[in-house]
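Observations on chain architecture
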Amino acid sequence: MTDDLFGAIDALLERPVPVDDLPVPVERERLRKAGEFTQEELAKALGTRRESIVRWEAGTTEPRPPKRAAYIRFLGSLALRHGTVEPSDWLRLAQEAGLVPADRVPAAAPAAPAAPVSAAFGGDTADQAVVELDRSASGELLSAEPAPCVRCGRPTPYRSGGRPVHMGGWCTAATTVAVEPAAAEQAPAVAAEPVAAPRPAAPADVPAAGPARRASSPRPAAASSRARKPAAKKSAAEAGPADWEQAAAARFPAGPLAVVDVAPSGKALVAYLADGTQAQTVLAGRTLADLVEWALGAGLGSPRLNRNGKDGDALVVLTDAALAELGLPPLGRDEKREFVPRLGQLPKSHRVVKQLEKAGWLLTQRGLGPWARIYRTPEDGKRQCVQLCIPAWGALATGGWTIPAGLDAPGLARLLGTYATRVLTPRGSTAVSGLDLVTALRPPTKAVRTEAGWTSGPVEGSRPRDAFDPAPPEVPDMHPLAQGREPGGALVTEAWDWHRPLTDREAAAPFAVGLDVNMAFLAAAGRLTLPLSGPVHELNPAFDKRVPGSWLVDLSGVDTDPLLPSPFTADGSRPAAGPAWYSTAKLAYAVELGADVRPLEAWLRHESGPYLDPWHKHLRAAYMDTMAALGVPADLADTDPLAFLDAMAGLKTTGDPAELAVLTAIKATAKGTIGKMRERPRGLDYRYGERWAALERPTWDPLMRALIIDTATVNLHRKLRKMAADTGLHAFAVLSDCAVFASPGAGALDVLTTPDGTLTTALRLGVSPGMVKFEGSRPMAEVAELLADGANPARHIKTGGVVSADE
């Protein structure tokens with residue numbers, strides 16, 4: 001009996017553990033990019049849609065037979081060429097199953113798993129897989145004639161200690177190579193070293209960055225038939241776009257951020273990087289000063305988004321346990337023992353602040369608070385700065401962040417890492433991060449060579465580094481320029497809040513249906529002409545729609561459809577008789593409607609351009625990538641409107657909570673950035689009529705905000721006019737970007753279907769910014785009661801009684 005039991009246990013232990021025949025999602029994406037194949041090319045070869053590839057690489061769905069076997073062959077073939085960083089047996093199983101025939105691909109030893117890029121506090125960093133490339137005094141990478149890399153043998157123009165070596169992820173699967181005598185003299189000891197593949201920059205359970213970020217990811221140099229030729233020798237100043245992007249990305253092998261927590265043993269600190277993987281355990285030197293030193297040495301940070309910009313500082317997020325381990329107090333009201341939100345920072349006498357000062361670190365005027373910036377005076381032009389985020393003090397409780405409850409440290413690292421990869425490394429609230437994104441994409445200055453040497457010069461298309469005051473009609477009432485302003489002398493720009501009585505036909509309809517414009521303000525910012533210089537006052541100017549500014553003109557005579565809101569006022573009513581101030585966007589629309597406009601005066605900007613267009617493209621890509629990761633691809637509404645409506649309806653119940661949090665943060669980033677352009681004073685000590693800190697920011701410009709909001713209003717009014725022409729339906733209530741219609745049914749398609757049975761393109765159903773989605777519906781009897789009470793039905797059309805949080 002006993003022998004039988006032991007025999008059964010032995011048989012159980014000898015049974016092989018099943019391993020999936022597909023790699024983890026992030027490895028699927030890495031291999032495809034290593035082979036320089038696009039998602040469209042792969043989808044076409046497999047006879048499927050690009051959205052399917054997006055889902056497979058995101059891990060939200062899995063391929064089914066027979067496409068699964070073909071997909072495995074594709075990945076396995078690339079893995080044999082480029083190595084695999086996944087520590088599993090999926091490739092071996094695929095080969096044993098005959099899905100990856102070895103004779104079709106050149107054999108190569110797989111690369112070793114990625115080594116940790118971070119080291120223990122005070123530990124030895126000699127074993128790290130990070131190579132420090134030779135740089136000039138300004139920090140630019142030095143290059144020379146391409147020579148065989150001492151690690152993988154393939155040509156590289158870069159050097160480390162004078163030896164040819166590839167930058168961060170460019171070494172592919174390592175092989176023992178025969179090095180030429182000249183190269184062997186330079187580095188005989190490391191010619192046969194295996195190369196660790198780079199740790200993926202994006203989290204394992206989400207797709208990688210959008211198009212604005214993808215260019216920053218280095219790709220293997222000579223692994224496919226379409227590989228690029230080695231670059232010729234050139235100076236850093238002559239480097240092309242790919243060179244500066246590759247060089248910037250190579251400086252930060254550990255990714256943009258780390259979440260620091262206490263190890264389960266309670267005897268050490270651990271750091272989780274942006275992909276949720278754990279860095280080396282921190283065993284000693286557990287002070288905040290040591291933590292900052294570690295962050296700088298670990299290769300944390302983010303590459304610049306513009307060649308004339310600056311790299312992003314490392315972000316370190318402290319869990320509650322790590323906070324206590326580092327000697328920082330919890331949140332509370334006791335100023336001596338706790339962090340008090342009212343004060344905003346720890347007292348300068350606190351021992352942790354003193355420790356930082358003793359170690360030579362400085363704090364900004366904000367001090368040690370929820371979002372602290374710790375830095376040293378730059379030496380030799382090298383920046384030393386670390387951003388600290390303390391959720392226990394409320395850093396992620398407000399400001400556009402909605403962190404899922406109970407999220408552990410690796411999950412928080414993946415969430416914030418996803419936002420950092422797609423948008424920007426968080427630097428405070430989403431509004432602050434969005435404003436920093438604007439200047440990261442459009443830096444104000446660049447280095448310019450002159451006969452006397454290098455100097456600072458302006459960047460074409462950017463606003464200058466020094467702020468300039470807007471025009472008196474554009475500023476809020478507390479601004480110094482607004483003091484003494486006559487009543488009615490302000491440029492009034494706000495999103496619509498309008499409703500009207502129902503017609504008899506509308507009152508007889510059984511339902512009211514609301515449609516919401518996706519990211520309306522973001523969509524309006526694309527290619528929009530915005531001011532790049534200060535205002536110039538002119539009398540009786542001729543109107544020019546190409547010149548952004550504020551115009552004093554009488555629009556009371558412009559006729560618009562009485563069943564729709566007026567596009568010229570915030571409450572949708574007809575403009576009052578007499579001149580008033582309007583932005584260029586509204587005046588251009590008045591001309592489009594047939595008005596003869598004759599401005600009496602204007603404040604104009606004669607230097608202008610599409611300043612926010614890169615910001616619009618970057619955030620749009622982040623939004624679309626996040627929606628695709630949530631299972632709503634870009635073309636779903638076009639191919640299957642019902643599937644799109646179902647996917648959107650189930651988003652909050654079936655979607656990944658972390659991805660939903662990223663989606664909310666991206667929406668808040670777009671909205672908050674625009675709000676920051678007219679930020680009002682804060683603090684109880686502000687005196688009416690005085691200047692405040694935000695006015696010194698180059699991006700503080702109420703006219704930019706007005707032009708964006710007015711453009712969104714004009715765009716919606718134009719669509720509502722076309723909607724009425726296509727379907728005969730007029731919106732009877734609008735709140736910002738949500739419009740409500742009388743409908744024969746309770747669904748979006750009941751409103752969007754034209755008499756001939758096709759869907760209207762006036763309000764186009766879809767996920768892209770500027771398209772619409774279903775917001776909600778209510779019985780018309782309930783809506784009539786709201787109207788009788790003077791309430792705007794658009795505010796209550798959504799289940800729960802609140803309007804969409806999109807804008």
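Note that this is a predicted model, so its numbers are computed, not measured.

1. Topic: the pairing of strand 10 (residues 445-450)
As defined by bridge partners, strand 10 adjoins strand 11 (residues 453-458) across six bridges and the pair is classed as antiparallel. Of the residues in strand 11, the one forming a bridge with Thr450 is Gly453.

2. Description of helix 22 (residues 657-676)
Because each turn of an α-helix spans 3.6 residues, side chains separated by three or four positions in sequence point in the same direction. Here helix 22 is 20 residues long and its end C-alpha atoms lie 28 Å apart, about the 28 Å a rise of 1.5 Å per residue gives. A large share of helix 22 lies buried, amounting to 15 of its 20 residues.

3. A word on the pattern of salt bridges
Side chains bearing opposite charge may pair, as long as their charged atoms lie close to each other. Inspection of the entire model under this criterion finds 35 salt bridges. Across the pair Glu494 and Arg705 runs a salt bridge whose closest N-O atoms are separated by 3.0 Å. Of this pair, Glu494 sits in the loop between strand 11 and strand 12 (497-499) while Arg705 sits in helix 23 (residues 702-727), placing them 211 residues apart in sequence. The shortest N-O distance in the salt bridge between Asp559 and Arg574 comes to 3.1 Å. Taken as a pair, Asp559 in the loop between strand 16 (549-553) and strand 17 (580-583) and Arg574 in the loop between strand 16 and strand 17 lie far apart in primary sequence, 15 residues in all. On the basis of relative accessible area, Asp559 is assigned to the exposed category, the value being 59%. Overlapping salt bridges bring together Lys676, Glu679, Arg682 and Arg697 as one network.

4. Remarks on helix 13 (residues 409-422)
Compared with an ideal rise of 1.5 Å per residue, which puts 14 residues at 20 Å, helix 13 spans 20 Å between its outermost C-alpha atoms and is within 8% of the ideal. The element helix 13 is extensively covered by neighbouring structure, given that 13 of its 14 residues are classed as buried. For helix 13, the capping residue at the N-terminal end is Asp408, with a side-chain oxygen 2.8 Å from the backbone nitrogen of Gly411.

5. A word on the packing of helix 2 (residues 25-34) against helix 5 (residues 67-82)
Between helix 2 and helix 5, the least distance of the axes is 9 Å, while the angle of their chain directions is 65°. Between helix 2 and helix 5, the crossing angle belongs to the class labelled roughly perpendicular. Crossing angle aside, the handedness with which helix 2 passes helix 5 is left-handed. Each of Arg28, Arg30, Leu31, Arg32 and Ala34 in helix 2 lies in contact with helix 5, whose residues at this interface are Tyr71, Phe74, Leu75, Leu78, Ala79 and His82. A breakdown of the residues in the contact of helix 2 with helix 5 according to their chemical character gives seven nonpolar, one polar and three charged.

6. With respect to the environment of Ala69
Structurally, Ala69 is set in helix 5. Judged by its relative accessible area of 33%, Ala69 is partly exposed.

7. A closer look at the sheet that holds strand 8 (residues 371-379)
Pairing within the open sheet is mixed, and its six strands lie in the order 5-4-6-9-8-7. A single partner strand is all that each edge strand has here, and the edge strands are strand 5 (269-273) and strand 7 (362-363). In this structure, strand 4 (residues 257-262) lies alongside strand 6 (residues 314-318), joined through four bridges in parallel fashion. Across the sheet, residue Val259 finds its bridge partner in strand 6, namely Val317. The strands that helix 10 (residues 288-297) touches are strand 4, strand 5, strand 6, strand 8 and strand 9 (382-389); relative to strand 9, the one it contacts most, it runs at about 120°.

8. So, the sheet that holds strand 21 (residues 738-743)
Overall, antiparallel pairing links the five strands, which are arranged 12-20-21-13-22 in an open sheet. The sheet is open, and its two borders are formed by strand 12 and strand 22 (772-779), each paired with just one other strand. Put simply, the sheet's adjacent strands are angled 20° from each other on average, direction ignored. As paired elements, strand 13 (residues 511-517) and strand 22 share seven bridges and run antiparallel to each other. Counted as the bridge partner of Val517 is Val772 from strand 22. Across the sheet, helix 25 (residues 780-788) lies against strand 12, strand 13, strand 21 and strand 22, angled at about 85° from strand 22, the strand it touches most.

9. A look at the confidence of the model for the protein
Low-pLDDT stretches of the model should not have their predicted coordinates read in fine detail. In the predicted model, the protein carries a mean pLDDT of 82, and 77% of its residues have values of at least 70. Note that residues 12-19 has pLDDT below 50 and, in this model, four contacts with residues that lie over four places away or in other chains. Ignoring residues within four places in sequence, the model shows residues 172-241, a span with pLDDT below 50, making 162 contacts including any to other chains.

10. Some points on the pairing of strand 8
Examined bridge by bridge, strand 7 and strand 8 share two bridges and lie antiparallel to one another. Across the sheet, the residue bridging to Leu363 is Ile374, located in strand 8. Relative to strand 9, strand 8 is paired through seven bridges, and the arrangement is antiparallel. Its bridge partner being in strand 9, Ala372 is matched across the sheet by Leu388.

11. Things to note about the packing of aromatic side chains
Within this structure, the stated rule accounts for eight aromatic pairs. With 6.5 Å between their ring centres and 80° between their planes, Phe568 and Tyr582 make a pair best called edge-to-face. One end of the pair, Phe568, is in the loop between strand 16 and strand 17; the other, Tyr582, is in strand 17, and 14 residues separate them in sequence. Taking relative accessible area as the criterion, Tyr582 reaches 5% and is therefore assigned buried.

About the criteria used
- Residues numbered from 1 in each chain as written.
- Predicted model: local features only at pLDDT ≥ 70, side-chain atom pairs only at ≥ 80, totals over all residues.
- Heavy atoms only, no water.
- Pairing = 2+ DSSP bridges.
- Helix = DSSP H or I, 4+ residues; strand = E, 2+ residues; numbered from the N terminus.
- Expected span 1.5 Å × (residues − 1).
- Buried < 20%, exposed > 50% of the residue type's maximum accessible area, 1.4 Å probe, protein only.
- Salt bridge = Lys/Arg side-chain N within 4 Å of Asp/Glu carboxyl O.
- Polar contact = N/O pair within 3.5 Å; in protein donor to acceptor, adjacent residues only side chain to side chain.
- Axes fitted to C-alpha atoms, helices over the stretch in contact; angles between N-to-C directions.
- Parallel < 35°, antiparallel > 145°, perpendicular 65-115°, else oblique.
- Left-handed = near helix turned anticlockwise from the far one by under 90°.
- Contact = heavy atoms within 4.5 Å.
- Nonpolar A, V, L, I, M, F, W, Y, C, P; charged D, E, K, R; others polar.
- pLDDT = per-residue confidence, 0-100.
- Phe/Tyr/Trp six-rings, centres within 6.5 Å; stacked < 30°, edge-to-face > 60°.

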